[in-house]
Amino acid sequence: MAELEGFEFGKSDFVLLDEVTMEQFLENLKLRFEKGRIYTFIGEVVVSVNPYRQMDVYGKDAIDAYRGRELYENPPHLYAVADAAYKAMKRRAKDTCIVISGESGAGKTEASKYIMQYIAAITNPSQRAEVESVKNVLLKSNCVLEAFGNAKTNRNDNSSRFGKYMDINFNFNGDPTGGHINNYLLEKSRVVQQQEGERNFHSFYQLLRGGSDELLKSLHLSKDPTDYTYTSPGASVSTSSSDDRSCHRAVMGALKVIGFSEEEVSSVYKILSTILHLGNLHFETDGESVQVVGGDSVRHISELTDTEPESVNKALLYRTVATGGGEVIEKGHSEQEASYGRDAFAKALYERLFAWIVGRINSVIEVKNYNPALHGKNTVIGVLDIYGFEIFDNNSFEQFCINYCNEKLQQLFIELILRQEQEEYHREGITWQHIDYFNNQIIVDLVEQPHKGIISILDEACLTAGKVTDTVCLDSMNHKLGQHPHYTSRKLNPTDKSMEFHRHFRIRHYAGDVTYSVEGFLDKNKDPLFQDFKRLMYNSSDPVLKEMWPDGQLSITEVTKRPLTAATLFKNSIIALVDKLACKEPYYVRCIKPNEVKSPMLFDDARCRHQVAYLGLLENVRVRRAGFAYRQPYERFLQRYKMTCEYTWPNHLMSSDREAVEAIVVQHGFEGDVAYGHTKLFVRTPRSLFTLEQERAALIPILVLFLQKVWRGALARMRCRQMRAIYKVMGCYKRYKVKAHFWEVERRFASVRNMTDYGKSVEWPTPPAALMQFHKITQHLHRRWRARQIVKNIPPSDMAEVRAKVAALGALSGERLDWGFNRAWERDYLANARDCPLTSSNFVRITKELKNKDQYSQVLFSGFVRMLNWFNNTKDRALLITDKHIYRLEPKKHFKVQKRIPIETVTSLSVSSGTDQMVVLHTVSQEDVLVYLQSGQLGPKQDRVGELVGTLCDHFTRVRKVHLPVRVCSTGLQVHMSGKPKSITMETRPGQNTADFKKSRGGFTLLLAQ
Ligand SMILES: Nc1ncnc2c1ncn2[C@@H]1O[C@H](COP(=O)(O)OP(=O)(O)OP(=O)(O)O)[C@@H](O)[C@H]1O
Ligand SMILES: [Mg+2]
């Protein structure tokens, strides 16, 4: 129930009336109309009263207020129904339709436009170009259809003279993807004749008043509608000509937007002009033959239709007939026949033009490349804006068809809203007080029943050969339908003077009695058009025109089958329409026209009462009040709302869904507002449902989060299991790699003990990364083991030499080129007879004494050297290093000790990185010993520097327990002589035989042989 409006505006839903009476209904309708509230609900049905003034209720604010809202959240509005239809379509993927009904001028077309504008405004939030263009074409199509299909009538300045049903297709996103327009029964008789005060279709006046001079010239038209028979009577009917002009521009623009090519637009205007020229043709007879009178019209028509003037002339004056024997003859028209043929041709031209325009728009908006698997369900909202019930002073065939159509729609309304509703309550076992309503099926049958119905009788009369007049047909109806409660005529009811004999019959329609004049019924039903015109058009060189007349292809002898009559065609299209609507969820807009004078102030009680009555609005309120707004099978209801109740979420443990639904209802305290059917739950007020919807909407995000949480947890656990498996596999593989490495090392090194090099030549397998450290340690261990094996086999006597070599290796750290490691180190060279055969015995003797005297226990090194004396002259001397002292001996004087310094005074050694034999023993007292070792007989080129360095270092480390630093210099050496720093440079000098020192600027130069 609509709220949010004070009661000073009346009741926004007729369901809230205190009593459902016509008086109260009208009172409320009037109050609301006067207060500017033109819309009122009956449940989901909107009753709309034409305000006849611009209302400020269709703006963006209003659209925003209704968008996505429930029906009862806002005051009644077209937008509320449009949104309900859209929501049903989007939420439940239901096809829906909005049926707009009401009499001419009640505001149906306006309502349909507002509904379409609303749908266009709320869709395509992402502004996708293709959707925007579909929307644009859908909206623009109204302008074109109104220009060609609407006309000013006495009831409505913009009366739709055709029925329109538009399907709008939506994709799963709820965005429009296309559409389709069905048009019904265009009132084509208007092309040639209009009632007093009415006009022809707008398109003619728009062309004449709005077309550019150039365009009109090319069409051979003047600007004045009074120049043309077909538009002349309507020319003086008051509408502002500027309207026609601006509409012409708008239509041209719309045609362009929709996608009509320039040629197509030109063809459209040529056809309109052809019709106008046709109207100006007259026929005259000289008693023998009939002639066309009308100036240049025939020429213009032939030019505009791209046909030969003779053919046009011929088609206007003759008809081709096939004789019984298959012969084809040309039969001249009488004056009357020619005029009749001309008018029929003009009407047919316009009708086909209109149908072609609709088809052309459809070809643009039809859904293309639709694939349900890809695009999801394609849903539809249909909008029906069809002529309302018509009762004129003189009602003809058109009114008969229109009123039949309204009977059919009323029947659909009854079916869907009244009967089905009541039947369902009965079926579901809901206590229900039956509400009487008038079922108009009987009237529908009166019109459409096969064999007995009026249409059948008309068709039969049309089929009968010979001259069957309208009166004969009326007689036949009187005869066949005389007993029908809804049919009468003067013959059946001679006292009723409101009908004429042989002319009138009356149908008691659900909306009121309508007296029809049978005059012209048969002709309009047969709707004959000479085949010659069809052929003429088919043979046109204008492709657009040709396309409109495919049946002109048949030659006269082929045209045997009678075409379906107009009434049957209309009946079939209306039955198809009703079938289309019946399978959709319907929403209704019931339009009411408040007065006949288009006044925004006047509320004509009698007129409104009549409309309320025939639209069945009171019954609608009664059914609604007695009924339930909403129903749903238990399982569907449960599925939708189970999350709102702790006993039903996620699954209930009750014996049936019905009990579970009861639990939901009880939890929300709606017990008084529902009824339980056999299979469905019925909810009386939408408010209860709204509460449930709100609660559901609030819970959905929580559920989504919950599901996300569970799913994320499941994903994480899955990932975790995967990772664990990966680590396990990796662990196994790593262990295997480690083991494989062990096995390989074991295999390769198994027999190293027996190898001569103790496995030095064995290549180590590349270890896995995890065993890198282990690899280094084992390599180290192996090296140590190998060293141990090697060292173990060295005899104790060689140990000193080995140690000295090791010490030298460490001290020189690979910086000296040659250090004599691959020869035996004799140490005491002066005592060695092989090295110094001439002096060794002498030396041995002398050192014996020295040993006794200085109490040393071991000679560390002895040999001849070249060194500097006190006066810095170089001399050959002998060097003896014992574990106690360092001696300088004079070999020429029986190795007399010239100088002796205690070995502990040596602080460090310096040698060069080359192959020279220079050694500096640095002393604490800065009285450094600078010697150049000389080799003896054992090898003239022997290096003894390494030996001296190694022996001293080993001695200092092992015996003296101090580290003796050794400097290996690549350039010069620094020494101290008598405390003074001197530098020793080296120089290779050609011609130098033996190395020798020479005094230089800052110290000495060691001259080396080349
Ligand atoms: N909501 C509205 N606001 C303002 N004016 C309106 C509204 N509805 C209708 N009208 C006025 O009423 C006129 C007739 O309305 P409309 O053409 O929609 O009637 P209709 O029911 O389609 O009639 P017909 O059956 O003849 O086509 C409009 O031209 C417009 O002037
Ligand atoms: Mg209309």
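For the structure, see preceding data.
Now for a quick tour of the structure. (Residues numbered from 1 in each chain as written. Chains lettered and ligands numbered in written order. Predicted model: local features only at pLDDT ≥ 70, side-chain atom pairs only at ≥ 80, totals over all residues. Heavy atoms only, no water.)

Here 3 strands make up an open sheet; going across it, the order is S13-S14-S15 and the pairing antiparallel. The sheet is open, and its two edges are formed by strand S13 (487-489) and strand S15 (512-517), each paired on a single side. With strand direction ignored, the average angle separating the axes of adjacent strands in the sheet is 25°. In terms of strand pairing, strand S14 (residues 504-509) meets S15 through 6 bridges, oriented antiparallel. Across the sheet, the residue bridging to Arg 506 is Thr 515, located in S15. (Pairing = 2+ DSSP bridges. Helix = DSSP H or I, 4+ residues; strand = E, 2+ residues; numbered from the N terminus. Axes fitted to C-alpha atoms, helices over the stretch in contact; angles between N-to-C directions.)

What follows deals with the pairing of strand S2 (residues 45-49). Judged by how many residues are buried, S2 sits mostly within the fold: 5 of 5 residues are covered. Here S2 shows no split at all, with Val 45, Val 47 and Val 49 on one side and Val 46 and Ser 48 on the other all buried. Pairing analysis gives 4 bridges linking strand S1 (residues 39-42) to S2, with the strands arranged antiparallel. Paired with Tyr 39 across the two strands is Ser 48, which belongs to S2. (Buried < 20%, exposed > 50% of the residue type's maximum accessible area, 1.4 Å probe, protein only.)

Here the focus is a nonpolar patch on the surface. A contiguous nonpolar surface patch, about 560 Å² in accessible area, is contributed by Tyr 733, Tyr 736, Phe 742, Trp 743 and Phe 774. The element that contributes the greatest number of residues to the nonpolar patch is helix H27 (residues 686-749), accounting for 4 residues. Within the secondary structure, Tyr 736 sits in helix H27. (Patch = residues over 30% accessible without salt bridge, like charges linked within 9 Å, V, L, I, M, F, W, Y side chains within 5 Å. Areas by Shrake-Rupley, 256 points an atom, 1.4 Å probe, with all protein chains shown as cover. Salt bridge = Lys/Arg side-chain N within 4 Å of Asp/Glu carboxyl O.)

For the rest of this paragraph, the subject is the coordination of the magnesium ion (ligand 2). Distances from the magnesium ion (ligand 2) to its protein donors, namely Thr 109 (OG1) and Ser 160 (OG), fall within the range 1.9 to 2.1 Å. On the criterion of sequence distance, the pair formed by Thr 109 in helix H4 (residues 108-122) and Ser 160 in strand S5 (residues 159-160) is long-range, its members being 51 residues apart. Of the two residues examined, Thr 109 and Ser 160, each falls in the buried class. (Donors = N, O, S within 2.8 Å, 3.2 Å for Na, K, Ca; no water.)

Strand order across the open sheet formed by 3 strands is S17-S19-S18, with antiparallel pairing between neighbours. The two strands at the open ends of the sheet, each matched to only one other strand, are strand S17 (630-633) and strand S18 (674-676). Strand-to-strand, the axes of this sheet are offset by a mean angle of 15°, without reference to chain direction. As defined by bridge partners, S17 adjoins strand S19 (residues 680-683) across 4 bridges and the pair is classed as antiparallel. The residue of S19 that forms the bridge with Gln 632 is Leu 681. Running at roughly 100° to S17, helix H25 (residues 634-641) makes contact with S17, S18 and S19 of the sheet. The sheet strands contacting helix H26 (residues 657-668) are S18 and S19, and the helix crosses S18 at an angle near 165°. (Contact = heavy atoms within 4.5 Å.)

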